[in-house]
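Residue strings, one per chain:
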Amino acid sequence: MRQRISRRVLDAIHAAAEADAGREICGVLLGEGEAITGWAQAANVAEDPATRFEIDPAALFRLLRAERAGGPRVMGYVHSHPSGDVAPSVTDAAMAAPDGRLWMIVGRGRQALWRAGPSGERHGRFDPVDLDVTEAVAPA
Ligand SMILES: [Zn+2]
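Keep in mind it's a predicted model, so treat the numbers as computed, not measured.

With distances of 2.0 to 2.5 Å, the protein atoms coordinating the zinc ion are H79 (NE2), H81 (NE2), D92 (OD) and D92 (OD). If you look at the zinc ion, its four donor atoms make angles of 56 to 157° with each other, and the shape they trace is irregular. Counting gaps between the donor residues of the zinc ion yields the pattern H-x1-H-x10-D. Of this pair, H79 sits in strand β4 (residues 73-80) while D92 sits in helix α3 (residues 90-95), and the two are 13 residues apart along the sequence. A single burial state applies to H79 and to D92, both of which are buried.

Here is the structure:
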């Protein structure tokens, strides 16, 4: 299982994480098929954003509504770990719905991509996904 992401999008995610390096930043991965072609940063509304993230539900709702209206697919979520450990935390595992969506975790210039266990699988299962970084992603 592989996904592609453009260098431009990945750099923007890392820049956002570095700009707020003491807190977890978060957002939504957008794209189509095997290509992540964009992202939308959202406010982290967690009570303790230094160690938790919760994507602003209003922002997520807007993106899902745009998807239904023919906009880019909501492929998954991205958040940062200020520690630089890009493995899912115990909290991440507890929060992840087994919906098959992507989870990208970034920190200190590193990134890892996971897929939250598909429907029917138990909560908290993450399968690693190979990520190819491309200079440009052609439309599917
Ligand atoms: Zn996390």
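This part covers the pattern of salt bridges. Under the defined criterion, the tally for this structure stands at seven salt bridges. One salt bridge in this structure joins D130 and R2, with 3.5 Å as the shortest N-O distance. Of the two residues, D130 sits in strand β7 (residues 126-134) while R2 sits in strand β1 (residues 2-6), which places them 128 residues apart along the sequence. Accessibility expressed as a relative area gives 44% for R2, which makes it partly exposed. A salt bridge links R7 to D11, with the nearest nitrogen and oxygen atoms 3.8 Å apart. Note that R7 and D11 are positioned in helix α1 (residues 7-19) at a spacing of four residues, about one turn of the helix. Judged by relative accessible area, R7 falls into the partly exposed class, the value being 35%. The class of D11 is partly exposed, set by a relative accessible area of 41%. Overlapping salt bridges bring together R2, D130 and D132 as one network.

Bringing the sheet that holds strand β6 (residues 110-116) into the picture now. Strand order in the closed barrel formed by seven strands is β1-β3-β2-β4-β5-β6-β7, and the pairing between neighbours is mixed. Geometrically, the sheet is characterised by an average inter-axis angle of 35° between neighbouring strands, direction not taken into account. As judged from the five bridges shared by β1 and β7, these two strands associate in the parallel manner. Note on β7: the bridge partner recorded for R4 is D132. Against the sheet, helix α2 (residues 57-68) engages β2 (26-32), β3 (35-42) and β4, with an angle of about 155° to β4.

At 3.6 residues per turn, the α-helix brings residues three or four places apart onto the same side. Look at α2: 16 Å from first C-alpha to last across 12 residues, which is about the 16 Å you get at 1.5 Å a residue. Just downstream of α2 lies G70, where phi reads positive at about 100°.

About the criteria used
- Residues numbered from 1 in each chain as written.
- Predicted model: local features only at pLDDT ≥ 70, side-chain atom pairs only at ≥ 80, totals over all residues.
- Heavy atoms only, no water.
- Donors = N, O, S within 2.8 Å, 3.2 Å for Na, K, Ca; no water.
- Tetrahedral: all angles 85-135°; square planar, octahedral: opposite > 155°, others 65-115°.
- Helix = DSSP H or I, 4+ residues; strand = E, 2+ residues; numbered from the N terminus.
- Buried < 20%, exposed > 50% of the residue type's maximum accessible area, 1.4 Å probe, protein only.
- Salt bridge = Lys/Arg side-chain N within 4 Å of Asp/Glu carboxyl O.
- Pairing = 2+ DSSP bridges.
- Axes fitted to C-alpha atoms, helices over the stretch in contact; angles between N-to-C directions.
- Contact = heavy atoms within 4.5 Å.
- Expected span 1.5 Å × (residues − 1).

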